[in-house]
Amino acid sequence: MRALRFYGPGDLRLEEVPKPAPGPGEVLVEVEVALTDGTDAKTFRRGHPFLLAETPSPFGHEFAGVDVETGRRVVAANSAPCGECAACRRGEETLCENRPFLNGAYAEYLLVPARIAERNMLPVPDGLAPEVAAMVEPLACCLHGVECAEIQAGQTVAVLGPGPIGLMLCAAGKDAGAHVAVVGGRPERRELVPAFGGELGDGHGADVVIEAVGTEEAWRGALELVRPGGLVLFFGGRERGSELPVDTFRLHYEELTLRGAFHHAPRHVRAALAFLASGAYPWEELITHSVGLEEVPQLFADPPPDLLKAAVIP
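Please read all numbers here as calculations on a predicted model, not as lab measurements.

Asker: Could you clarify how one ought to interpret the sheet that holds strand E13 (residues 226-234) in this entry?
Answerer: Paired through backbone hydrogen bonds, the strands of a sheet run either parallel or antiparallel to each other. Judged by pairing direction, the sheet is parallel, and its 6 strands sit side by side in the order E11-E10-E9-E12-E13-E14 without closing on themselves. Strand pairing shows two members of the sheet lacking a second neighbour, strand E11 (199-200) and strand E14 (257-260), which therefore form its edges. In this sheet, E14 lies alongside E13 in parallel orientation, the contact comprising 4 bridges. The partner of Leu231 across the bridge, within E14, is Thr257. Relative to the sheet, helix H6 (residues 164-175) contacts strand E9 (156-160), strand E10 (179-183) and strand E12 (206-211), its axis offset from that of E10 by approximately 165°.

Asker: I'm lost on the environment of Pro162 in this one. Help?
Answerer: With respect to the element layout, Pro162 can be found in the loop between E9 and H6. For the pair Pro162 and Gly185, spaced 23 residues apart in sequence, the C-alpha separation works out to 5.7 Å. Beyond its immediate sequence surroundings of up to four residues, Pro162 is in contact with Leu167, Val182, Val183, Gly184, Gly185, Arg189, Arg190, Val193 and Leu308.

Asker: What's the story with the pairing of strand E1 (residues 2-8) in this structure? I'm lost.
Answerer: Moving residue by residue along a regular strand, the side chains alternate between the two faces of the sheet. Pairing geometry for E1 and strand E2 (residues 11-16), over 6 bridges, is antiparallel. Residue pairing across strands places Arg5 opposite Arg13, the latter belonging to E2. Linking two consecutive strands that pair antiparallel, namely E1 and E2, is a turn of 2 residues; a positive phi of about 80° is found at Gly10 within it. Sheet topology places E1 next to strand E4 (residues 57-58); 2 bridges connect them, and they run antiparallel. Residue pairing in the sheet places Phe6 in a bridge with Ser57 of E4.

Asker: Mind showing me how you'd approach the pattern of salt bridges here?
Answerer: Between side chains of opposite charge, pairing is possible as soon as their charged atoms come close. Per the counting criterion, the structure on display carries 15 salt bridges. The salt bridge partner of Glu32 is Arg73, with a shortest N-O separation of 3.7 Å. Here Arg73 lies in strand E6 (residues 73-76) and Glu32 lies in strand E3 (residues 27-35), a separation of 41 residues in the sequence. Residue classification places Glu32 among the partly exposed positions, given a relative accessible area of 28%. Linking Arg90 and Glu92 is a salt bridge whose minimum nitrogen-to-oxygen distance equals 2.9 Å. Relative accessible area serves as the criterion here: at 53%, Arg90 is assigned to the exposed category. A relative accessible area of 31% means that Glu92 is categorised as partly exposed. Connected through shared salt-bridge partners, Glu93, Arg119, Glu147 and Arg267 make up one network.

Criteria and thresholds
Residues numbered from 1 in each chain as written. Predicted model: local features only at pLDDT ≥ 70, side-chain atom pairs only at ≥ 80, totals over all residues. Heavy atoms only, no water. Pairing = 2+ DSSP bridges. Helix = DSSP H or I, 4+ residues; strand = E, 2+ residues; numbered from the N terminus. Contact = heavy atoms within 4.5 Å. Axes fitted to C-alpha atoms, helices over the stretch in contact; angles between N-to-C directions. Salt bridge = Lys/Arg side-chain N within 4 Å of Asp/Glu carboxyl O. Buried < 20%, exposed > 50% of the residue type's maximum accessible area, 1.4 Å probe, protein only.

Structure follows, in structure tokens:
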């Protein structure tokens with residue numbers, strides 16, 4: 001079968017590899033569609049401390065497909081907590097110490113590990129397009145982020161960056177009852193903000209500020225926008241060793257709360273699939289391109305300016 005494999009930053013190769021053979025509890029999925037995302041784009045440029053522990057590695061983690069054995073249309077998250085480590089026993093499943101991470105969505109077939117198949121693989125609801133179902137993993141991360149931000153009805157929330165994640169966060173915040181202002185971004189992305197429940201604004205004085213860009217400028221900007229007593233959620237990941245200067249006067253005397261959010265738990269995955277199936281927002285508008293496996297390396301190396309997410313058809 002054909003599959004993309006990651007050899008190192010900027011080195012992504014389409015190769016012929018053996019078709020996986022499932023073992024006990026594992027599920028072989030024929031990939032209908034995989035989706036590009038910001039995490040894969042960053043990983044292409046610089047690697048990733050968690051998702052790609054060894055190279056060469058299978059690549060890609062957002063997908064929908066068909067269970068080869070049963071013929072069911074399925075979608076799976078890219079990990080599942082063990083339920084036994086100290087973090088899981090504390091109820092902090094997103095910090096599980098023993099997570100198997102799933103990569104390999106940019107391929108004709110994908111082998112889902114037994115634990116993920118048991119805890120975080122779900123049937124796709126009838127009528128839900130595979131490219132929309134494949135968004136379950138990033139949307140689950142966004143629902144976890146909104147949960148971490150403790151967003152309440154009536155609050156004002158500023159989201160920095162109207163990329164796919166920023167727009168998902170906008171929709172999730174709106175669904176929690178908040179008034180969401182989206183800050184910055186390219187004109188073509190800003191046009192989508194109203195469709196995802198938000199409005200354009202500068203974000204100054206927001207109760208909650210969510211950074212969804214992953215740059216030093218955005219992390220600093222989030223701190224400048226939040227009101228005294230407010231909360232800043234750092235959602236966009238940065239490179240290991242990056243530092244953030246913080247005005248200690250604001251942190252102490254204005255009682256700011258700074259919090260990070262990473263990944264998802266099974267409850268977020270299930271909620272995300274239901275949210276997608278609800279049709280409450282035009283999720284399909286987040287997909288702006290369609291490519292084959294052979295086109296993915298060039299897409300990451302030189303992304304078009306209007307790219308949000310690309311559907312990769314094996």
